[in-house]
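Structural description and commentary
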Amino acid sequence: MIRHIWLKEINAELYTWKSTLWLLIASLLFSFTSYLLLTDKELSLLDQTELLWLLSKIIIGVAFLIVTIDASSIITTEFEKETAESLFLAPLRLKDFILGKLLASLTLWLLIFIVATPYILVTSAGSNLATAFLGYVALLGSLGILAMVMIIFGISFLYRSAKNTLTTSLVIMLAFSVPALFSTTLKNNTFAQVFGKINPINNIFESLDNVLVDYQLSILNNWKFIYPLLLFCILGLILMAISARRFQNKGIISND
Amino acid sequence: MSEIISIKNLSKSYNQTKAVNNLSLTIDRGEFFGFLGPNGAGKTTTIRMLTGIIKPDQGDIIINGLSQDKKEEISHIIGVIPESRGFYGWMTAFEYLQFFANIYGIKGKEQSDMIASLLSQVGLLNNNIMGMRINAYSRGMKQRLGLARSLINKPEILFLDEPTLGLDPQGQEDIQNLLKKLNQEGVTIFLSSHLLHEVSSLCSKIAIIHKGSLIAEGKIDELRQKTGLKETYHIKIEGSIKPIQESKMMSHIDKIKDNGITSDFTFQDSLENTNRLLDILREKNIRILEFRSEGETLTDIFLNLTLEA
């Protein structure tokens, strides 16, 4: 059952001009960044590790943005296009429905990661960081995106509207991204430090900094950044579960 | 006949509004059941509760011996054309039915045979149509596809919410004929419709719901008796109407058109008195050229009952 929902979404969401365009834009962005990092006089003065960290942040940022936009409509479209009623009249478990959709969103992340891989390999050539770069982007990106998608699904069941879900999800993503724009002085502020420690996007960037700039390659050395991501995943799962339960109790069709 | 759907004291409110109020119904296996009511009467809410799409605030629903918490088992024995007519527009009809067949666990040759048979039954098995995306379908074609989807699991009970809405007269007749055939094959049909002629021509039993409450239930004749409404017949005889003018039946005769060669008139009374009139015509050797029911009686019953309520 999960497979059929996943395949439907792959056909509906990924084999479309929309997804192809997204992946094309992502690859153009990665090409442009890599080219600048490798050829620009000032940027090429950066230490290679700094350059890799910058690229990793761009890959994660682009992936978060694309997956957030896609995931905001993957569930809500069933309500807006009135296909949910027919779907749930069939012997389909809500759990299978959610897992199928979740897999489809993670597939989009996988495609972005595949598109990013050549850029990672080229820019990290000669640094011995290629494997760590790929591994940590895959691990941290997967955890962060999994949590974000679960939160988006939770919001989708509450709103049942793509526009509202997308707006709320982008606001959440923006809130998590803001600390990256903080100056060093601001980052030393207690509030900024606490927020930075619980902020999943910040933890991903800090962990990549730890791996790519400070050569702290072991999981243990990055555990302090990984466990907030795991907590973020649990939080996302709880929100999604509560929201899905509420949805099931209220009924597939909401008249209020 | 055994009971296949049993509803007891079913109620559902949206905010302060009672959409369905203490509704109780029983439907027998193999019955063609018509569910009538004006807009906003609670028909769709009732169907959604019966099919497990929304939960009732109170009341019990038993479908083929299964209580409502057995939603998955129930979904295997019911087929539904819901009010919301959403389709995956980027799919072809075949892909669409294939997707639902997969959800029902129908696979392989059985699946492709079933899909071809259903598309043929609803008139969509055509090479030009088969390659089209559903987005390009007309409303009527989508309606036919919806019916095919509702039959994919060979349901024992079919819930239909306005199944011929948006269809042209030929399309309506095709669907009605298919429904008649399914009913003859033993499928119990629960038909919600505002097309009174459709309900009266298809259904063996009807229920009328108004403002969420059941106001009448039974066979059309029973409802007619209940409302005191009489059947109207159109009769055409050879010759003049004069020979029967002395009979007591004349008070029930109306709209007389007598040209001396043939006479047309309408007769409105009970079936018993209609038979007596026919006997009188036979006794007087008057040839009956035409005898038909006016067929709008359900409209009268419906209006009578809903206005009363």
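Residues numbered from 1 in each chain as written. Chains lettered and ligands numbered in written order. Predicted model: local features only at pLDDT ≥ 70, side-chain atom pairs only at ≥ 80, totals over all residues. Heavy atoms only, no water.

**A look at the nonpolar core**
- The biggest cluster of nonpolar side chains holds 158 residues, and the ones touching the most others in it are Ile5, Ile63, Leu145 and Phe159 of chain B.
- Looking at this core element by element, the count peaks at 17 residues for helix 7 (residues 130-159) of chain A.
- Sequence-distant contacts of Leu145 of chain B, defined by excluding residues within four places in its chain, comprise Phe87, Ala93, Tyr96, Leu97, Leu119, Leu124, Ile134 and Tyr137 of chain B.
- If you look at the next biggest cluster of nonpolar residues, it comprises 15 residues, including Tyr233, Met250, Leu277 and Ile280 of chain B. (Core = buried A, V, L, I, M, F, W, Y, C linked by side-chain atoms within 4.5 Å. Buried < 20%, exposed > 50% of the residue type's maximum accessible area, 1.4 Å probe, protein only. Helix = DSSP H or I, 4+ residues; strand = E, 2+ residues; numbered from the N terminus. Contact = heavy atoms within 4.5 Å.)

**A look at the interface of chain A and chain B**
- Tallying the contact residues gives 26 residues for chain A and 29 residues for chain B.
- Each partner contributes to the roughly 2,400 Å² buried at the junction of chain A and chain B, and carbon and sulfur atoms together form 62% of this total.
- The three residues of chain A that bury the most area against chain B are Glu85, Leu89 and Pro91 of chain A, which together make up 27% of that side's buried surface.
- Run the count over chain A and chain B and you get two salt bridges.
- At the boundary of chain A and chain B, one finds seven residue pairs in polar contact (both at pLDDT 80 or more).
- For the side of chain A that touches chain B, the secondary-structure elements that each account for two or more residues are helix 1 (2-14), helix 5 (84-89) and helix 12 (219-250) of chain A.
- Taken together, the residues of the side of chain A that touches chain B sort by class into 11 nonpolar, eight polar and seven charged. (Buried area = accessible area lost by both parts, 1.4 Å probe. Salt bridge = Lys/Arg side-chain N within 4 Å of Asp/Glu carboxyl O. Polar contact = N/O pair within 3.5 Å; in protein donor to acceptor, adjacent residues only side chain to side chain. Nonpolar A, V, L, I, M, F, W, Y, C, P; charged D, E, K, R; others polar.)

**Some remarks on the sheet that holds strand 7 (residues 157-161) of chain B**
Residues and elements named next belong to chain B.
- Reading across the sheet, the six strands line up as 6-7-8-3-9-10 and stay open at both edges, with mixed pairing between neighbours. What marks the edges here is a single partner per strand, and that holds for strand 6 (78-81) and strand 10 (213-218). Each adjacent strand pair in this sheet contributes to an overall mean axis angle of 15°, direction not counted.
- Across five bridges, strand 7 lies against strand 8 (residues 188-192) in parallel orientation. Bridge pairing in strand 8 links Ile157 to Thr188. (Pairing = 2+ DSSP bridges. Axes fitted to C-alpha atoms, helices over the stretch in contact; angles between N-to-C directions.)

**Describing the sheet that holds strand 1 (residues 3-14) of chain B**
All names here are of chain B.
- Taken together, four strands build an open sheet; the order of strands is 2-1-4-5 and the sheet is antiparallel. Whereas interior strands pair on both sides, the edge strands pair on one side only; in this sheet they are strand 2 (17-28) and strand 5 (66-67).
- Pairing analysis gives eight bridges linking strand 1 to strand 2, with the strands arranged antiparallel. Each bridged residue has a counterpart across the sheet, and for Tyr14 the counterpart in strand 2 is Thr17.
- In this fold helix 1 (residues 43-50) packs onto strand 1, strand 2 and strand 4 (58-63), with an angle of close to 120° to the strand it touches most, strand 1.

Functional significance is not addressed by these values, which are geometric in nature.
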